[in-house]
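Now for the letters of each chain:
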Amino acid sequence: MDYKETLNLPRTDFPMKANLAQRELQILERWNEIGLYRRMVEGMLTLRDRGMAVYDLGDMLKDVPETIYADDIHFIRDTKGDSKGYRMMARIMADDLAKAWDLKAK
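Residues numbered from 1 in each chain as written. Predicted model: local features only at pLDDT ≥ 70, side-chain atom pairs only at ≥ 80, totals over all residues. Heavy atoms only, no water.

(A) Structural view of the overall build of the protein. On a plain count of helices and strands, the protein comes out with 5 helices and 0 strands. Every one of the 106 residues in the protein was classed for burial, and the buried ones make up 8%. Sequence separation of 24 or more characterises 32% of the internal contacts of the protein that already satisfy a separation of 6 or more. Accessible surface computed for the protein: about 9,900 Å², of which carbon and sulfur atoms make up 57%. (Helix = DSSP H or I, 4+ residues; strand = E, 2+ residues; numbered from the N terminus. Buried < 20%, exposed > 50% of the residue type's maximum accessible area, 1.4 Å probe, protein only. Contact = heavy atoms within 4.5 Å. Areas by Shrake-Rupley, 256 points an atom, 1.4 Å probe, with all protein chains shown as cover.)

Following this line, the structure appears as structure tokens:
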């Protein structure tokens, strides 16, 4: 019996093989060819040079007292579609921007 047909697997346009080790090397090679990482860093440095804060996730979450898991930060969403991590990062960024731009609460 072919059990593959009995599984409820999604239909995708991309291969679902477990050859990540080979694919990862191909992907990294492509990113190096197009200079993706360099362009991302240059973009962040340009923003920083123009006065925009560039955030590191570790910096943003350094004052959070409880243990944070990746699932809490990115994947578990409330009824509004927000994650705990999204709300924390949005609050920190809003506070920093308000301070940088000298904005006052109404």
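The rest of the description comes next.
(B) Main features of the pattern of salt bridges. One pass over the full model with this rule turns up 3 salt bridges. The partner of Arg38 in a salt bridge is Glu42, with the nearest N and O atoms 3.4 Å apart. Separated by 4 residues within a single helix, Arg38 and Glu42 lie in helix H2 (residues 36-49), roughly one turn from each other. Here Asp102 and Lys104 are joined by a salt bridge, their closest N and O atoms 3.0 Å apart. (Salt bridge = Lys/Arg side-chain N within 4 Å of Asp/Glu carboxyl O.)

(C) Quick peek at a nonpolar patch on the surface. There is a patch of nonpolar side chains on the surface, built from Met44, Leu47, Met52, Val54, Trp101 and Leu103 and spanning about 570 Å² of accessible area. Among the secondary structure elements, Leu47 is positioned in helix H2. Classification of Leu47 by relative accessible area gives partly exposed; the value is 44%. (Patch = residues over 30% accessible without salt bridge, like charges linked within 9 Å, V, L, I, M, F, W, Y side chains within 5 Å.)

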